[in-house]
Amino acid sequence: MSSEERDSLDAMALEFIAEIKDDLAGLEPSLLAMEQKGERTEDDLINHAFRTIHSIKGGAGFINFKELAGLGHDMENVLMRLREKTLAVTPDVVDALLMGFDKMKLMVEQIGKEGAWDYEKEKAALQNILNPDQNGFEPLETVSRIPSRQEDSEKLPADAYQVLKPLGAGSVFQGQEFLVEKKRLDHALAAQKFIYAVYVRFGTDLKAKSKDEGAIIDDMKSIGDILFSDLEESRGKKERDGFFCVISTILDLPLLSQVLEIGKTQMTLVDRQFADYETLMKGVSSRAVKDKPALKAPDTMESSLSTADEPPVQGPAETLLSSASAGQSLRINVDLISRLMNRAGELVLARNQLRPFLMSHAKEDNLGILQNLDMVTTDIQEAVMQMRMQPVIDLMGKYKRVVRDMARRISKKVEFILEGADVEVDRTVLEKLANPVTHLIRNCIDHGIEFPDERLKRSKPETGTIRIKAFHQGGQVHIRVSDDGAGIDPQLILSKAFEKGLVPEDRLDKMTDKEKIDLIFLPGFTTSEEITDISGRGVGMDVVRTNIESLRGHIEIDTVKGEGTQVHLIIPLTLAIVPSLIVGAGESRFAIPQGNIKEILYLEKGTVQSQVENLAGSEVLRLRGRIFPIIRLRTLLGITTYIEEPLTGKKEEEKRKAIADRRQKDKADKESKKRTREKDRRKHPWDSTYVIVLKLGGNLFGLCVDVFYDIEEVVVEPLSEYINQLKCFAGTTLLGNGDVIMVLDVQGIATLSSLKFDSIQTEEARRNEAKEAQAKGEKRNLIVFTSGKNEYFALELKRVSRLEPLNPKDIHYTGRLKHIEHKGHAVLLFSMDEFLPANECDLTAGEIFVVFPKQISSRVGIITSGIIDTIETDKLIEKDDTCPGAVLGKLFVDGMMVQVLDPDQFSNLIEQKLRKTKGAGLSRENTDR
Amino acid sequence: MKILIVDDKASIRSAMKTILVRLGLSDITEAVDGEDAWYRINEAAKKGRGHVFDLIVSDMEMPGMTGLELLRAVRTRPEVQKTPFIMATTVTARQIILETMRLGVQAYIIKPFDADMVEFKLKQAGIL
């Protein structure tokens, strides 16, 4: 064999191995599904599993991997029985299959190394499932010799016959000879068929298998021609336990044996075969003996790996390129893709640099060229980006098995559901997600999902669910890992954190629930008392968070105690080429990834301070009912800006810090009028500003910049190690004009500014509630007082100006009118019974007060025989038609019936009274002394 | 001689093709499953006698249309029913073999096969 041939055969072997790996990957989910469905497993599923194992077995044969083929064969037998429905899908069966599967996986991984070839345990388990009645027809005892000269019914001349002698050493054929028609024999030989002598036993080959002779003769006719048979002769003869046939067929001996269901020892070639005897022997002899150095797996791998310099197709590190049509795929080297990616990025940059040239020399046809270039470049970039995308299921798929095994190990019942399996993520991102997601799942199983009996106690289904949902949103990948387990108790976290000295005492009661839960992310935190071998100790959520943040993503936890937990991972889709908005602050420019931008606002000059509020210690902006914090990029990054005094040309440092500085509009106008340079990019600080509204998970915040430019596609280069601890920057990039600018990291900026999204939300919610309460008017503060005995009245507190205690002795009576002196004035007093059907005011009560209602002259007061209480109520006041006009309705409070006064009506009544009194007073005064 | 190789595994098709090419048979078309094969067979038949396949080598177990079903289809369509057909498979189930033989094949090759075996079988079938 030439070295060329050897190489191509090696490559073929590698291809077979790759296909076996694919098959294995597709097999596991099927087996797991079978376990879950049990008796209800669909035929399709079983067929699929069968075909897959069949393929694996076949492939193993090709690379001469005997052990794998053998194990595959055993598994295939089990699946065959399942297919035929002579075996049911039980947990034991699936266990045995999974065990076999695991071994296969191990075997394949070990190709080329010292292998775990032994599969006795797995084989035993599989055969335990089956009854030992498959394979092979046992050789039986010898038969008595009989002459076999055929007495044939066709009378032909003697030379028309040929004597055939069996070649095999099977005892049943000892000394036998067969006469066959020459013509038919020659015909068969010409057609190059095999000629076999077969012995069929009446008992074991026919009766035991419920066959009759006719059936087996038919079968023989189906697969070839019968050149000789002594069935007629041997029937009925007691000393004969079977009959002979000579048949011609294209089938090899093993197949013949299989079809006729007769042991191989009962069949053999005869001494007349077609011309090429050598070829015959070669073609028919057992393949297992053959030595095929090129296709023997272990040796091949070693030699090809050790001698190969840079073989065109690398082995294990292969990528699957998937296209739109399912099933059309290609294997490509990862390095090649990386190379292509880099070049695509450089192409984008080169185009960006070329653009200004083309634009400045723009003519009709040039623009077309530029457009075309744009289109092609963008397309290439997108396509290359696509290449690196892998569906999430490639990582998540394996969790089904992981969850099953882990849950079983600790006697919990957990099932795993994946939503959004074909959401695609950049390959490297997916790789880096493996550890964090695995850890999250471990947590769910370990701490989240409760034991079955506990779940039942809580009226939850016995089997817990871990769900991973993946989806795209806003240019980012969202992965939500949720469970319906016990949730996280914020208090528990807080106490643990406090124990470990991670929280100072003065913060203990100032933390919101969310802040308490976020303590989980602190390094060195764990709540498990025992070190379970699943979750380990101290490897905690801080590592998960670091991993996610290294992908420029972030992580959030939502939990409800007793109901479950949800961990939300948000990661940018692409790491390299990012469409970004170029903004300017001061003299510097920055890039903000477009995916983070929700919208851009423009705050007019002078209006800034009116639109920006202060809430919970942060400056906030209100947008369509939604409130969010706002920061100034300049302030954040410490960019000094200079204001040029338009008259003197002197540059002054701008000192204003807060956005809503207390400058009035008119001053702003004054200043702006002073400026004469319209094109001055260094805008005046009290002029308008742009607010870039940024998204971060579910939160928004605004970033004030001076100006913004285009959206450009930038290739983000990582920060150099000297500055990569600066969280506000995600990287650097090169603009089309050759400038190097920083790319902002939205998460980093939020953290750096210590934006307290929660506090703001809480405060806002509180304010809204209060407003609502006021607006609805359902909550009223009422002051309840008595007039006559056991009569209660109420007036809304906000309609009361003040209350004054009254000493009855101070009342001056003029006729029926009562006055008291108050601050040098005379105040007219009325009592309730003068307006409403009420008892006379009890002036002998202990504490008498005068209630001064608002909106009525300050010279009027209501006498009460006592103030009972001030109550806050949102109780519905039943409007009663039986109520007199001034009463809004009646309220029952603490067993008292309170008549709530309608302030406006009441005021009217008082006014009327006053007018009357005036008249009366006048007349009185005339007659008074 | 136009040969059609049918197998859902690229590795098998590749192996068979290599062997056939070495035996001097280079006009080889590949089909990825039964339906694909049947489609190609029909298309070739439509074009006329000069374009039909002279030999079909097929796997048995394939998703969708199996080799047996393909064989049946071939044997029932007048224009192509005499096409030499070789089954190359690991299936040794009795019923399948019987069915296949009843429909008529020129060779029944058991996988794994190697160059010698294929050569022999092609000779036996009268193709070489």
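Worth saying up front: this structure is predicted, and the values here are computed from it rather than measured.

Calculation notes
- Per chain, the residues get numbers from 1 upward, laid out in the order the sequence is written.
- Chains and ligands are labelled sequentially in the order written, the chains with letters from A and the ligands with numbers from 1.
- Restriction of local features to residues with pLDDT of at least 70 applies here, the model being predicted, together with a cutoff of 80 or more for giving and counting side-chain atom pairs; totals for whole chains, interfaces and linings are based on all residues.
- Each side-chain value is derived from all of the structure's non-hydrogen atoms; neither hydrogens nor water enter the calculation.
- A 1.4 Å probe rolled over the protein chains alone gives each residue an accessible area, and that area as a share of the maximum for its type sets the label: buried under 20%, exposed over 50%, partly exposed in between.
- Runs of E in the DSSP output that reach at least two residues are strands. Runs of H or I that reach at least four are helices, and both are numbered from the N terminus.
- For two strands to count as paired, DSSP must find a minimum of two bridges between them.
- Pairs of residues are marked as contacts when any of their non-hydrogen atoms sit within 4.5 Å.
- Put simply, buried area is how much 1.4 Å-probe accessible surface two parts lose in total, over both of them, once they are put together.
- By definition, a salt bridge exists where a carboxyl oxygen of Asp or Glu is found within 4 Å of a side-chain nitrogen of Lys or Arg.
- Polar contact is defined as a pair of N or O atoms within 3.5 Å, subject to the rule that within protein one atom must be able to donate a hydrogen and the other to accept it, and that residues adjacent in sequence are counted only when both atoms are side-chain atoms.
- pLDDT expresses, on a scale from 0 to 100, how confident the predictor is about each individual residue.
- Pairing of aromatic rings covers Phe, Tyr and Trp, the last counted by its six-membered ring, and requires centre-to-centre distances within 6.5 Å; plane angles under 30 degrees mean stacked, over 60 mean edge-to-face, and any other angle means tilted.
- Definition used: whenever NZ (Lys) or CZ (Arg) falls within 6 Å of the ring centre and also within 35 degrees of the ring normal, the charge is taken to sit over that ring.
- Each patch is assembled from residues with relative accessible area greater than 30% and no salt bridge, linking like charges that lie within 9 Å and nonpolar side chains (Val, Leu, Ile, Met, Phe, Trp, Tyr) that lie within 5 Å.
- In this description, accessible areas are obtained by the Shrake-Rupley approach with a 1.4 Å probe, and a residue is regarded as covered only by the protein chains that are shown.
- For helices, the axis comes from a line fit to the C-alpha atoms of the stretch in contact; other axes are also lines fit to C-alpha atoms, and the angle between any two N-to-C directions lies between 0 and 180 degrees.
- By definition in this entry, angles of less than 35 degrees are roughly parallel, angles greater than 145 are roughly antiparallel, angles of 65 to 115 are roughly perpendicular, and the rest are oblique.
- Each crossing is labelled by how the near helix is turned from the far one, with a counterclockwise turn of less than a right angle marking it left-handed and a clockwise turn marking it right-handed.
- Under the grouping applied here, Gly and all other residues not named as nonpolar or charged are polar, the nonpolar ones being Ala, Val, Leu, Ile, Met, Phe, Trp, Tyr, Cys and Pro and the charged ones Asp, Glu, Lys and Arg.

## Some details on the pairing of strand β36 (residues 860-864) of chain A
All names here are of chain A.
- In terms of burial, β36 is largely enclosed, as 5 of its 5 residues are buried.
- What you see with β36 is no split at all: Val860, Ile862 and Thr864 on one side and Gly861 and Ile863 on the other are buried throughout.
- Pairing between strand β34 (residues 825-831) and β36: 4 bridges, direction parallel. Opposite Phe830, over in β36, you have Ile862 as the bridge partner.
- Bridge count between strand β35 (residues 848-853) and β36: 3 bridges; the pairing is antiparallel. For Val851, the partnering residue across the bridge sits in β36 and is Ile862.

## Let's talk about the interface of chain B and chain A
- Contact with chain B, which involves 37 residues of that partner, is made by 39 residues of chain A.
- Regarding the contact of chain B and chain A, the summed buried area is about 3300 Å², with carbon and sulfur atoms giving 60% of it.
- If you sort the residues of chain B by the area they bury against chain A, Arg94, Phe120 and Gln124 of chain B come out on top, with a joint share of 20%.
- Applying the counting criterion to the chain B and chain A interface returns 7 salt bridges.
- The partner of Lys9 of chain B in a salt bridge is Asp23 of chain A, with the nearest N and O atoms 2.5 Å apart.
- At the junction of chain B with chain A, the criterion picks out 12 residue pairs in polar contact (both at pLDDT 80 or more).
- Taken together, the elements giving at least two residues each to the side of chain B that touches chain A come down to α1 (10-22), α4 (94-103), β5 (107-110) and α5 (115-124) of chain B.

## Re the confidence of the model for chain A
Residue and element names in this part refer to chain A.
- Counting all residues, the mean pLDDT for chain A is 76, and 78% of those residues have values of 70 or more.
- Counting contacts from residues 132-153, a segment whose pLDDT is below 50, to residues more than four positions away or on other chains yields 37 contacts.
- Between residues 921-929, whose pLDDT stays under 50, and residues either more than four places distant or in other chains, the model counts 4 contacts.

## Some points on the packing of aromatic side chains
All names here are of chain A.
- On inspection of all chains with the given rule, the structure shows 13 aromatic pairs over all chains.
- Relative to Phe62, the ring of Phe16 has its centre 4.8 Å away and its plane inclined at 15 degrees; by these criteria the two rings are stacked. Of this pair, Phe16 sits in helix α1 (residues 3-37) while Phe62 sits in helix α2 (residues 43-62); the two residues are 46 residues apart in sequence, bridging distant segments of the chain.
- On the basis of relative accessibility, which here comes to 3%, the residue Phe16 falls in the buried class.
- Taking the relative accessible area as the measure of exposure, Phe62 reaches 5% and is therefore buried.
- Counting every residue linked through ring pairs, the aromatic cluster contains Phe173, Phe178, Tyr199, Phe228 and Phe244.
- The ring of Phe852 is capped by Arg802, whose NZ or CZ atom sits 3.9 Å from the centre of that ring.

## A short note on unusual backbone geometry
- A cis geometry characterises the amide bond from Lys111 of chain B onward to Pro112 of chain B, with omega recorded as 0 degrees.
- Its place among the elements puts Pro112 of chain B in the loop between β5 and α5.
- Located in the positive-phi region is Glu261 of chain A, a residue other than glycine, with phi close to 60 degrees.
- Locating Glu261 of chain A in the fold gives a position in the loop between α10 (253-260) and β6 (267-269).
- Its relative accessible area of 22% is what places Glu261 of chain A among the partly exposed residues.
- The phi dihedral of Ser459 of chain A falls on the positive side, at around 55 degrees, and the residue is not glycine.

## Concerning the pattern of salt bridges
Residue and element names in this part refer to chain A.
- For the coordinates displayed, the defined rule picks out 48 salt bridges over all chains.
- The salt bridge partner of Glu42 is Lys37, with a shortest N-O separation of 2.9 Å.
- Across the salt bridge formed by Glu261 and Lys211, the nearest N and O atoms sit 2.7 Å from each other. Of this pair, Glu261 sits in the loop between α10 and β6 while Lys211 is found in the loop between α7 (202-206) and α8 (213-223), placing the two residues 50 residues apart along the sequence.

## Comments concerning a nonpolar patch on the surface
- Nonpolar side chains collect at one region of the surface, where Leu347, Met375, Val376 and Ile380 of chain A lie side by side and expose about 330 Å² of accessible area between them.
- When residues of the nonpolar patch are assigned to their parent elements, the largest contribution, 3 residues, is made by helix α14 (residues 364-387) of chain A.

## Describing the sheet that holds strand β3 (residues 194-201) of chain A
Residue and element names in this part refer to chain A.
- Here 4 strands make up an open sheet; going across it, the order is β4-β5-β3-β6 and the pairing antiparallel. Either end of the sheet is taken by a strand with one partner, and the two such strands are β4 (224-229) and β6. For this sheet the average axis-to-axis angle between neighbouring strands, irrespective of direction, equals 25 degrees.
- Where β4 and strand β5 (residues 242-249) come together, 5 bridges link them in antiparallel fashion. Its bridge partner lying in β5, Ile226 is registered against Ile247.
- Contacts between helix α6 (residues 182-190) and the sheet are confined to β3, β4 and β5, with β4 contributing the most and set at about 145 degrees to the helix.

## Overview of the environment of Gly889 of chain A
Residue and element names in this part refer to chain A.
- Relative to the helices and strands, Gly889 is located in strand β38 (residues 887-893).
- The class for Gly889 is buried, based on a relative accessible area of 0%.
- For Gly889 and Gln899, which are 10 residues apart along the polypeptide, the C-alpha to C-alpha distance reads 6.0 Å.

## Re the packing of helix α3 (residues 67-76) of chain B against α4 of chain B
Residues and elements named next belong to chain B.
- At a minimum axis distance of 10 Å, the contact between α3 and α4 shows a crossing angle of 20 degrees. Between α3 and α4, the angle is such that the two are roughly parallel. The hand of the α3/α4 crossing is left-handed. The segment α3 lies against α4, with Leu68, Leu71, Arg72 and Arg75 engaging Ile96, Glu99, Thr100 and Leu103.
- Here the residues of the contact of α3 with α4 sort into 4 nonpolar, 1 polar and 3 charged.

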